[in-house]
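Next come the chains, spelled out residue by residue.
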Amino acid sequence: MQIMATKAQSFLAIAARCEAEHNLSAAFDAYQNALALEPDSLTVVEALASLAFRLNMWDTAEKFYAHLIAHSQPDIETVCAYTATLREQSRFDEAISLLKGLITDHPGENRLWEGLGTILLAQGDSETAVIFFNEALRLSPEDLNARFNRGCALMDLRQTEAGLDDLHYTADAFHSPENRASAAIAYAQACLSVGDLKTGW
């Protein structure tokens, strides 16, 4: 048992190094090797869920998040990530049902409102999505995800001034390089769509 635990720790160290080097596929493989040695480790399952999400492996991420929810007392972030995997697989009704139930119990949790908004946006209901994003921002004015998604919804609704403002703000404000890059691309595309070629390019 001690040997297996030591091997698992070695794989975890490899995974952490690969993550630091932004080699997410190699990190995922290393975490899988660690989980094979320690199948009851929820810490490793959580790491795999997060990495699968970042790699857009939606069905895999869903399974790992479902495992976490079934075997622990998950936090709001975990449940929201799980519903996001459902959304990305177009399983909208399942995600909406879960989030609505949680909002009943936690009406002050901005991430639930933002999560519902993203599902409505994915379904093409930008007008209603904005209502949910506004509520998320009322509860937490610094919710950058809600502001970014509201910007996208507003652009869909041709409310370009407000939409561009949200996208420009998040392009500068996101801490994660991945999110900042996504917001910058969305802002540039939005500028091009309204004929602002200088800013868009």
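For the structure itself, consult the block above.
Because the structure is predicted, anything quoted here is derived from the model rather than measured. (Residues numbered from 1 in each chain as written. Predicted model: local features only at pLDDT ≥ 70, side-chain atom pairs only at ≥ 80, totals over all residues. Heavy atoms only, no water.)

S.K.: What should I look at first to understand the nonpolar core in this one?
M.R.: If you look at soluble globular proteins, the nonpolar side chains tend to sit buried side by side. Grouped together as the largest cluster of nonpolar side chains are 47 residues, with contacts concentrated most on Tyr 31, Leu 48, Phe 64, Tyr 65 and Leu 112. With residues near it in sequence (within four places) discarded, Leu 48 still touches Phe 28, Tyr 31, Gln 32, Leu 35 and Phe 64. Within the second largest apolar cluster, 12 residues are counted, among which are Met 155, Leu 164, Ala 171 and Tyr 187. (Core = buried A, V, L, I, M, F, W, Y, C linked by side-chain atoms within 4.5 Å. Buried < 20%, exposed > 50% of the residue type's maximum accessible area, 1.4 Å probe, protein only. Contact = heavy atoms within 4.5 Å.)

S.K.: Got a minute to help me understand the packing of aromatic side chains in this structure?
M.R.: Geometry of an aromatic ring pair is reported as the spacing of the ring centres plus the angle between the planes. Applying the stated criterion across every chain yields a total of 4 aromatic pairs. A ring pair is formed by Phe 53 and Trp 58, whose centres lie 5.0 Å apart and whose planes are at 85°; its orientation type is edge-to-face. Under the relative-accessibility criterion, Phe 53 is labelled partly exposed at 23%. Overall, Trp 58 belongs to the buried group, its relative accessible area being 18%. Residues Trp 113 and Phe 132 carry aromatic rings whose centres are separated by 5.7 Å and whose planes lie at 35° to one another, so their mutual orientation is tilted. Pair noted here: Trp 113 is in helix 7 (residues 110–122) and Phe 132 is in helix 8 (residues 126–139), with a separation of 19 residues, a long-range link. In this structure Trp 113 comes out as buried when scored by relative accessible area, which is 18%. For Phe 132, a relative accessible area of 17% translates into the label buried. (Phe/Tyr/Trp six-rings, centres within 6.5 Å; stacked < 30°, edge-to-face > 60°. Helix = DSSP H or I, 4+ residues; strand = E, 2+ residues; numbered from the N terminus.)

S.K.: Would you take a moment to explain the packing of helix 4 (residues 58–71) against helix 5 (residues 76–88) for this structure?
M.R.: What describes two packed helices is the angle between their axes and the distance between those same axes. Between helix 4 and helix 5, the shortest axis-to-axis distance is 9 Å and the interhelical angle comes to 145°. In the packing of helix 4 onto helix 5, the handedness of the crossing is left-handed. Along its contact with helix 4, which presents Trp 58, Ala 61, Glu 62, Tyr 65, Ala 66, Leu 68 and Ile 69, the element helix 5 presents Thr 78, Val 79, Ala 81, Tyr 82, Thr 85, Leu 86 and Glu 88. (Axes fitted to C-alpha atoms, helices over the stretch in contact; angles between N-to-C directions. Left-handed = near helix turned anticlockwise from the far one by under 90°.)

S.K.: What exactly am I supposed to notice about the environment of Asp 75 here?
M.R.: Inspection of the secondary structure puts Asp 75 in the loop between helix 4 and helix 5. Within the structure, Asp 75 has its side chain in polar contact with the side chain of Thr 78 (distance 2.8 Å). (Polar contact = N/O pair within 3.5 Å; in protein donor to acceptor, adjacent residues only side chain to side chain.)

S.K.: Can you help me understand the packing of helix 10 (residues 160–173) against helix 11 (residues 177–193) in this one?
M.R.: Where helix 10 meets helix 11, the axes come as close as 8 Å, and the angle between the chain directions of the two elements is 150°. Judged on the interaxial angle alone, helix 11 and helix 10 are roughly antiparallel. The interaxial crossing formed by helix 10 with helix 11 has left-handed handedness. Across the interface between the two elements, Leu 164, Leu 167, His 168, Thr 170, Ala 171 and Asp 172 from helix 10 touch Arg 180, Ala 183, Ala 184, Ala 186, Tyr 187, Ala 190 and Cys 191 from helix 11. (Parallel < 35°, antiparallel > 145°, perpendicular 65-115°, else oblique.)

S.K.: Can you help me understand the side chain of Arg 87 in this one?
M.R.: By secondary structure assignment, the location of Arg 87 is in helix 5. For Arg 87, a relative accessible area of 18% corresponds to the buried category. At a separation of 2.8 Å, a polar atom in the side chain of Arg 87 contacts the side chain of Thr 118. Not counting chain neighbours up to four residues away, the residues in contact with Arg 87 comprise Phe 92, Thr 118, Ile 119 and Ala 122.

S.K.: Looking at this structure, I do not really get helix 5. What am I missing?
M.R.: Side chains that are three or four residues apart share a direction in an α-helix, a result of its 3.6 residues per turn. When the terminal C-alpha atoms of helix 5 are compared, their 18 Å separation across 13 residues agrees well with the 18 Å that a helix rising 1.5 Å per residue should span. The buried count for helix 5 comes to 11 of 13 residues, which makes it a mostly enclosed element. Considered for burial, the residues of helix 5 that qualify are Ile 76, Thr 78, Val 79, Cys 80, Ala 81, Tyr 82, Thr 83, Ala 84, Thr 85, Leu 86 and Arg 87. The secondary structure elements touched by the buried residues of helix 5 are helix 3 (42–54), helix 4, helix 6 (92–105) and helix 7. Downstream of helix 5 by a residue or two, Ser 90 has a phi angle that is positive, lying close to 60°. (Expected span 1.5 Å × (residues − 1).)

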